[in-house]
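Single-letter residue listing:
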Amino acid sequence: MAPTLLSVSDDNFDLQEVISKGLLDFDEWTLLISEIEKLYPDDVEKICLVYNDFLSKFPLCHGYWRKYAAHMTYLCTTDKVVEVFEKAVLAATYSVGMWADYCSFGMSAFEDPSDIRRLFKRAISFVGKDYLCHILWDKYIHFEFSQQQWISIAHIYIQTLKFPTKKLHRYYDSFKKLLAFLEEGMASLELQSEPCFDGEIPMTTCYKDDEIYCIINDMMDSSVGLTSSIALKRYRAIGELLYHNACELYSKISPFEANIRRHYFHVRPLDANQLQNWHNYLDFIELQGDFDWAVKLYERCLIVCANYPEYWMRYVDFMESKGGREIANNSLDRATEIYLKRVPAIHLFNARFKEQIGDVLAAHAAYIQSGKETDSDFVENVISKANMEKRLGNTESAFSIFKEALKMAAAEEKLHALPILYVHFSRLKYMSTNSVDAARDVLIDGVRTLPQNKLLLEELIKFSMMHGGTKHMDVIDSIIADTISPRSDGSQGLSAEDAEDISNLYLEFVDYCGTIHDVRKAWNRHIKLFPDSARKNLHEQSAKRRRLLNLMDKREKISVVMPNQASRDSSSDLHAHLHQKDKKASLLKYCDNQSDATNDGLMLTKNHNTRSNDTDTYKLQIMELNEKIEENGRELPLLVSEERRDNDPENNVSSANLVEVKEGSTEVVKNLKNSCYESGVSSEELLRQTACGNQSSQALQTTSNENTAFSKGKCELEPEELKPLSLTNKSLNPRKAHVLIQDQWCLRWSVMQFQKAASQIVEQ
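Residues numbered from 1 in each chain as written. Predicted model: local features only at pLDDT ≥ 70, side-chain atom pairs only at ≥ 80, totals over all residues. Heavy atoms only, no water.

With that settled, consider the overall build of the protein. Within the protein, the regular secondary structure consists of 34 helices and zero strands. For the protein, the share of sequence-separated contacts (at least 6 apart) that also reach a separation of at least 24 residues comes to 63%. Accessible surface, the protein: about 41,800 Å² in total, of which carbon and sulfur atoms supply 51%. (Helix = DSSP H or I, 4+ residues; strand = E, 2+ residues; numbered from the N terminus. Contact = heavy atoms within 4.5 Å. Areas by Shrake-Rupley, 256 points an atom, 1.4 Å probe, with all protein chains shown as cover.)

Shown next, in the form of structure tokens:
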């Protein structure tokens, strides 16, 4: 880029050569124009050359059309400027700014007012329904005021009220001022022979332009007396009705208009919100039933969204559905030849649209244009053309397209395209001829052309698997063997991973279609070439075992030192651990002794024997739960550390432990419900007792002290075991710690209730 543009000032600089290369992007073009304007401000030839070529590629750049016209105004005659503006409005017909500039030039350059008025009417016919057309209306009104053409002004005000524009309400105010002015003129005629008309004028929903002109002419003709008064009231009624309807539309389109941030063309992309807003706006307009308004809004949208193919496609489909095929074809021509000529999607859309409407020649031309523009979509273009020929019944033509494409790809060494072409050619062969052999032959030919291509090998195996490959087993086996075996010349073939994948797929194929001899042959070859595959499961199990051992080692290495226990050594920790073990063992032994004493002192019936068995079950469950509590108590310190890891409190909490505590709570509650059912405890009592566990820790401590001591020497829980964890000495997230403590309180409370219910059964 830099050498080209820096050489503009050289004597040997050839502007035509630079432009003809067609390598400049938008920014390079604008820089080139700037340099030409600085170095050759009076050179009409260079100015015209650079502007004409730039605007042929970016015809919606309103600002550059204005600059081009300004150069021509300075360097050439009026006719040359008019020629520039005519090119501009032809390229951007629905640009309000373009028409406003043209009309401004006409007001200053044209001598005949009728020429200026004709130009304004022409502009209004294209952009008069644009939300921003007030720029043009203001110029038009100003011109007619300068000419004192009151009939034209009266008609302009009616036109401004037909559709919602940005200054709709201001135009309505001007309309009322005009009415007041005309009514004052009518009042001066009251002394004439004919009095003014005071009756009501019926509201007609639709007036044609010719009818409105006649009403305005009658209103402005003071000689007609009563007729003039009637025409004035009719004129007022028309304006009021149009304004009322426009206000309703104004309220509906205002949200869409408010979300439009760009009203002009630029190569910079639009954000997603603006693109979606245009889609929503178009959805709304399509439902209004006003075809002309829909066309104008679509054209306005395509000024801003010219680089987005989806809007062109939508425009074409809408026009075709409404009978506007000529507009659809015109828009497709603009999209494919100017704005999106390097976008393959729009060319494919154009080809399919032309095929749908029966224009086969145009469809062929569109496919040729698409394939000529880009190599990356070469395959898609070939497939689409062949499929079109198949739909048209030209099967041989479809085959010829693939054959020519394969030759072209081989000649141009498009190695990425060749295997895909072979795959799709094989599928087309099978769908068109229903011949498995013909389709397989295409794939085999492709494998022989590209012997180390994984895609073709996989397609060949899968196709043979789906369509019975027994007939060609020997051929396929020889191809696979030659492909996955080491090459004798030492050249690079398939990678080891790809070769093993192909061999595994072939094993699956012979298992489906081959004999036991074929299976053993393929399996022996596979083991010989890939011996590690037989030990794959063993390796995976070993890897899992190593990961588990590493995890256990990490847990054992975790050292947790509480702030108030920093001075404790390992011997004190061991002593505390043994103390907890002894306490649990004593508790279990005491529970067993008490149970034995109870059983020795009671004469049990059959029901009592059953309850005794249940009691034994409950005792075992109590032991398991106590053991789980002890384990949770030992594992809980692992959740906290003296120093936070990465300053993230949540990393200090083990989700696994939280889940374990919650699962334990769930299991206890479930067992408690069963025990209460058998012991005659009501569900209401159970809910009442369980609800107590959600109270504050202080109330829970008091309640637990009252309920943990069993009568007749039953199992007891130590008061120390009911103490909640302290948050003051642990670097644990307070919110997560609170949840954890609450869960442990619930677990311990459930155990106590369980024990109480069990003791009641034992007493019975």
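After presenting the structure, the write-up continues.
Turning our eyes to something else, we now look at the packing of aromatic side chains. Counted according to the given criterion, the structure contains 33 aromatic pairs. Between Phe-105 and Phe-110, the aromatic rings sit 6.3 Å apart at their centres with planes inclined by 75 degrees, giving edge-to-face as the arrangement. Overall, Phe-110 belongs to the partly exposed group, its relative accessible area being 22%. Grouped by ring-pair contacts, the aromatic residues Phe-85, Tyr-94, Trp-99, Tyr-102, Phe-105, Phe-110 and Phe-126 constitute a single cluster. One cation-aromatic arrangement involves Lys-46 over Tyr-40; the distance from NZ or CZ to the ring centre is 4.9 Å. (Phe/Tyr/Trp six-rings, centres within 6.5 Å; stacked < 30°, edge-to-face > 60°. Buried < 20%, exposed > 50% of the residue type's maximum accessible area, 1.4 Å probe, protein only. Lys NZ or Arg CZ within 6 Å of the ring centre and 35° of its normal.)

A few words now on the confidence of the model for the protein. When the pLDDT values of the protein are averaged, the result is 76; 64% of them are 70 or greater. Here residues 193-199 is modelled with pLDDT under 50, and outside its nearest four sequence neighbours on either side it reaches 15 contacts, counting other chains as well. Low pLDDT, under 50, characterises residues 668-732; the predicted model gives this stretch 99 contacts beyond four residues in sequence or across chains. (pLDDT = per-residue confidence, 0-100.)

Viewed as axis vectors pointing N to C, helix 26 (residues 496-513) and helix 27 (residues 516-529) meet at an angle of 165 degrees, and their least axial separation amounts to 9 Å. Between helix 26 and helix 27, the angle falls in the class roughly antiparallel. Pair helix 26 / helix 27 crosses with left-handed handedness. Contacts between helix 26 and helix 27 involve Glu-500, Ser-503, Asn-504, Tyr-506, Leu-507, Val-510 and Asp-511 on the former and, on the latter, Asp-518, Val-519, Ala-522, Trp-523, Arg-525 and His-526. Per-class residue counts for the contact of helix 26 with helix 27 are six nonpolar, three polar and four charged. (Axes fitted to C-alpha atoms, helices over the stretch in contact; angles between N-to-C directions. Parallel < 35°, antiparallel > 145°, perpendicular 65-115°, else oblique. Left-handed = near helix turned anticlockwise from the far one by under 90°. Nonpolar A, V, L, I, M, F, W, Y, C, P; charged D, E, K, R; others polar.)

Along the polypeptide, Lys-414 turns up in the loop between helix 21 (395-411) and helix 22 (418-433). One polar contact links Lys-414 to Glu-412, side chain to side chain, over a distance of 3.1 Å. (Polar contact = N/O pair within 3.5 Å; in protein donor to acceptor, adjacent residues only side chain to side chain.)

Inspection of the secondary structure puts Glu-355 in helix 18 (residues 344-356). The buried category is assigned to Glu-355, whose relative accessible area is 17%. When sequence neighbours within four positions are dropped, the list of residues in contact with Glu-355 reads Ala-363, Met-388 and Arg-391.

With that settled, the discussion passes to the nonpolar core. With 115 residues, the main nonpolar core has Phe-54, Tyr-235, Trp-278, Tyr-281, Cys-305 and Tyr-311 as its most contacted residues. Broken down by element, the residue count for this core peaks at eleven residues, all from helix 13 (residues 226-258). Counting 47 residues, the second-largest nonpolar core is a separate cluster that includes Val-379, Leu-428, Val-442 and Phe-463. (Core = buried A, V, L, I, M, F, W, Y, C linked by side-chain atoms within 4.5 Å.)

The terminal C-alpha atoms of helix 7 (residues 96-109) lie 20 Å apart, and with 14 residues this matches the ideal 20 Å at 1.5 Å per residue to within 8%. If you check which residues of helix 7 are buried, you get Val-96, Met-98, Trp-99, Ala-100, Asp-101, Tyr-102, Cys-103, Phe-105 and Gly-106. Elements that come into contact with the buried residues of helix 7 comprise helix 5 (62-75), helix 6 (78-91), helix 8 (113-127) and helix 9 (134-147). (Expected span 1.5 Å × (residues − 1).)

To continue, consider the environment of Glu-320. Within the element layout of this structure, Glu-320 appears in helix 16 (residues 309-321). Here Glu-320 falls in the partly exposed class, since its relative accessible area comes to 23%. Separated by 33 residues in the primary sequence, Glu-320 and Phe-353 have C-alpha atoms spaced 9.8 Å apart. Dropping the residues within four chain positions of it, Glu-320 is found in contact with Arg-325, Phe-353 and Ile-357.

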